[in-house]
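Working through the structure, step by step
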Amino acid sequence: MVSVMINNQPPWSRSVYRNSHGRGIRRPTFGTRLPRYRTRCGIFDDLTAAQIRRLGAGWPQLVKPVQFAVEDVPPSDPTPWEDQSDLFSRSFPAGRGIPARIVLYRMPIQSKTRDRTELELIIRDELVLQLADLYGRDPEEIDPMWGR
């Protein structure tokens, strides 16, 4: 009879707890906090949240009343007055009890970028551009590094 408890430890507490049919150990090969574990969606969300926090630190009166969202793709039926060529984000003004909203579209932005730095810059520029559009300000007034 095989003992389930070796050294008074449950199998999942041991460093190697199963090697069935010689396939190797059953444990994660990398931790959940390592960059390899993060998905592209998760990285995009983290970069967006970091940029919103950064803008909120500088302009709390502009950022606090706005709701931010990330969607995968833009809607397929734009209104007739909208330019659909490079739709990375949209802003919706407040009205009828609904707060102002800014929506970033993840897949069009990611398809234009080659690396994480470029992705971060496009997210920053889109958020600044949409905030400036909502409040009728110049993007350079909100972020002097906009577009650079």
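Cut-off values and rules
- Residues numbered from 1 in each chain as written.
- Predicted model: local features only at pLDDT ≥ 70, side-chain atom pairs only at ≥ 80, totals over all residues.
- Heavy atoms only, no water.
- Helix = DSSP H or I, 4+ residues; strand = E, 2+ residues; numbered from the N terminus.
- Buried < 20%, exposed > 50% of the residue type's maximum accessible area, 1.4 Å probe, protein only.
- Areas by Shrake-Rupley, 256 points an atom, 1.4 Å probe, with all protein chains shown as cover.
- Expected span 1.5 Å × (residues − 1).
- Contact = heavy atoms within 4.5 Å.
- Axes fitted to C-alpha atoms, helices over the stretch in contact; angles between N-to-C directions.
- Parallel < 35°, antiparallel > 145°, perpendicular 65-115°, else oblique.
- Left-handed = near helix turned anticlockwise from the far one by under 90°.
- Nonpolar A, V, L, I, M, F, W, Y, C, P; charged D, E, K, R; others polar.

The name that an unreviewed UniProt entry assigns to the chain is Metallopeptidase family protein, with the source organism given as Bifidobacterium asteroides.

**Quick word on the overall build of the chain**
Helix and strand counts for the chain come out as 5 helices and 3 strands. Going from the N terminus to the C terminus, the chain shows its helices and strands as α-α-β-β-β-α-α-α. The buried share of the chain, taken over its 148 residues, is 29%. Taken as a whole, the chain presents about 10600 Å² of accessible surface, with 54% of it coming from carbon and sulfur.

**Concerning helix α4 (residues 116–135)**
Spanning 20 residues, α4 covers 29 Å between terminal C-alpha atoms, matching the ideal 28 Å at 1.5 Å per step. Looking only at α4, the buried set comprises Leu119, Ile122, Ile123, Arg124, Asp125, Glu126, Leu127, Val128, Gln130, Leu131 and Ala132. With its phi angle positive at about 65 degrees, Gly136 sits one or two positions after the end of α4.

**Quick look at the environment of Leu87**
Summarising the element assignment, Leu87 is placed in the loop between β1 (67–71) and β2 (89–92). Residues Leu87 and Pro108 lie 21 residues apart in sequence; the distance between their C-alpha atoms is 7.4 Å. Those residues within four positions of Leu87 in sequence are excluded, and the remaining contacts are Pro74, Tyr105 and Pro108.

**Side note on the packing of helix α1 (residues 40–58) against α4**
Here α1 crosses α4 at 50 degrees, and the two axes come no closer than 10 Å. Between α1 and α4, the angle falls in the class oblique. As for the relative orientation of α1 and α4, their crossing is right-handed in sense. Every residue of α4 that contacts α1 at Ile43, Phe44, Leu47, Thr48, Gln51, Ile52, Arg54 and Leu55 is listed here: Arg116, Leu119, Glu120, Ile123, Arg124, Leu127, Val128 and Leu131. For the contact of α1 with α4, the residue count by class is 10 nonpolar, 2 polar and 4 charged.

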